[in-house]
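Chain by chain, the residues run as shown.
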Amino acid sequence: MELRKILKSFFYKTSKYSQAGQDLFAFELFGNGGTYIDIGAGEPIHLNNTYLLEVKKKWKGISIDYGDHDEKKIQELKKLWDNCKERTNKIYWADALRFNYKNALEENNINYDIDFLSCDIDPQENTFLALKKLINDGVRPKYIAFETDLYREKINYSNLAHEFLRPYGYKIGVKNVYSNLKKNKIFETWFISKNINFN
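Everything quoted here is computed from the prediction, not taken from an experiment.

Chemist: Tell me what's going on with the nonpolar core, and back it up with residues and numbers.
Modeler: The nonpolar side chains of a soluble globular protein tend to be buried, and buried together. Ranked by size, the top nonpolar core spans 30 residues in total, and within it Ile37, Ile39 and Tyr101 carry the most contacts. Elements with a contribution of two residues or more to this core: strand 1 (35–39), strand 2 (60–65), helix 5 (101–107), strand 4 (116–119), helix 6 (124–136), strand 5 (143–147) and helix 7 (157–165). With five residues, helix 6 is the largest single contributor of residues to this core. Apart from residues no more than four positions distant in its own chain, Tyr101 is found in contact with Ile37, Ile39, Ile64, Ala96, Ala130, Lys133, Leu134, Asp137 and Val139. If you look at the next biggest cluster of nonpolar residues, it comprises 13 residues, including Phe25, Ala26, Trp59 and Phe187.

Chemist: Quick one: what's the story with helix 6, residue by residue and with numbers?
Modeler: For helix 6, with 13 residues, the first-to-last C-alpha span of 19 Å sits near the 18 Å given by 1.5 Å per residue. Taken residue by residue, helix 6 has Gln124, Asn126, Thr127, Phe128, Ala130, Leu131, Leu134 and Ile135 as its buried positions. Tucked into the core, helix 6 has its buried residues touching strand 1, helix 5, strand 4, strand 5, helix 7 and strand 6 (170–177). Where helix 6 ends, the next residue or the one after it, Gly138, has phi of about 95°, a positive value.

Chemist: Requested: an account of the environment of Thr50, with residues and values cited.
Modeler: Along the chain, the position of Thr50 falls in the loop between strand 1 and helix 3 (51–57). Here the alpha-carbon distance between Thr50 and Ala20, two residues 30 residues apart in the chain, equals 12 Å. Apart from residues no more than four positions distant in its own chain, Thr50 is found in contact with Tyr36, Asp38, Ser63, Arg87 and Phe116. Within the structure, the side chain of Thr50 is placed 3.0 Å from the side chain of Arg87, a separation counted as a polar contact.

Chemist: Tell me about the pairing of strand 2, and please be specific about residues and values.
Modeler: A large share of strand 2 lies buried, amounting to five of its six residues. Where strand 1 meets strand 2, five bridges bridge the pair, whose relative direction is parallel. For Thr35, the partnering residue across the bridge sits in strand 2 and is Lys60. After leaving strand 1, the chain enters helix 3 and then returns to the sheet as strand 2, a path that is right-handed.

Chemist: Tell me about the side chain of His162, and please be specific about residues and values.
Modeler: One can find His162 in helix 7. With a relative accessible area of 18%, His162 lands in the buried category.

Chemist: Run through the side chain of Asp149, naming residues and quoting values.
Modeler: As for its placement among the helices and strands, Asp149 is situated in the loop between strand 5 and helix 7. With near-sequence residues (within four places) excluded, Asp149 lies in contact with Asp122, Gln124, Ile186 and Phe187.

Chemist: Lay out unusual backbone geometry in plain terms, naming residues and giving numbers.
Modeler: Note the cis peptide between Asp122 and Pro123, where omega equals -10°. Within the secondary structure, Pro123 is located in the loop between strand 4 and helix 6. Positioned with a positive phi, Leu47 is a non-glycine residue whose angle comes to about 55°. Within the secondary structure, Leu47 sits in the loop between strand 1 and helix 3. The exposure class of Leu47 is partly exposed, given its relative accessible area of 46%. Positive phi is not limited to glycine here, since Asn109 has a value of about 55°.

Chemist: Give me the packing of aromatic side chains: which residues, what numbers.
Modeler: Applying the stated criterion across every chain, the model contains 13 aromatic pairs. Note that Lys57 overlies the ring of Phe27, its terminal NZ or CZ placed 4.4 Å from the centroid.

Procedures and definitions
Residues numbered from 1 in each chain as written. Predicted model: local features only at pLDDT ≥ 70, side-chain atom pairs only at ≥ 80, totals over all residues. Heavy atoms only, no water. Core = buried A, V, L, I, M, F, W, Y, C linked by side-chain atoms within 4.5 Å. Buried < 20%, exposed > 50% of the residue type's maximum accessible area, 1.4 Å probe, protein only. Helix = DSSP H or I, 4+ residues; strand = E, 2+ residues; numbered from the N terminus. Contact = heavy atoms within 4.5 Å. Expected span 1.5 Å × (residues − 1). Polar contact = N/O pair within 3.5 Å; in protein donor to acceptor, adjacent residues only side chain to side chain. Pairing = 2+ DSSP bridges. Right-handed = clockwise from strand over helix to strand, strands pointing away. Phe/Tyr/Trp six-rings, centres within 6.5 Å; stacked < 30°, edge-to-face > 60°. Lys NZ or Arg CZ within 6 Å of the ring centre and 35° of its normal.

Structure follows, in structure tokens:
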């Protein structure tokens, strides 16, 4: 098992924080001092797509979570965030489907053309609805890590999101994203603005 970890770290860029290197991809595209929105942020460090960017790379952004509408889970998450003093960017405890993204960005002095959107809430249909709301609100992320949970969903949300995003100038950057070498567990698609030079 130890040899596998060594080989993995040698051949693959992995993040200590995110599930599949979403944060590393954002950093490679935009460098230090970028901007983000993290919908469905979860815990402040473990499996978090923006911890590295905020704490180590000086990004500004906002996080949103609602603990799957479960009051006990919300309180547990709030406690974790309150105890994570290195995270100073604002987290909103709100429903992502009713949240006013433009107001929150203005409140935090962040431009609507953010660099990175992480979009991951349950059930999967709500991830798609949250993405649509944010885009319809006029926010234009340059890179979107969109959870599809293709390995367990009957509906192909990657295709639905692609059809929705294409008229707004997006293309697929990375399709069929999986984590920890689990090729049978495809769970995300990464969309990028057509203005980004990326092969």
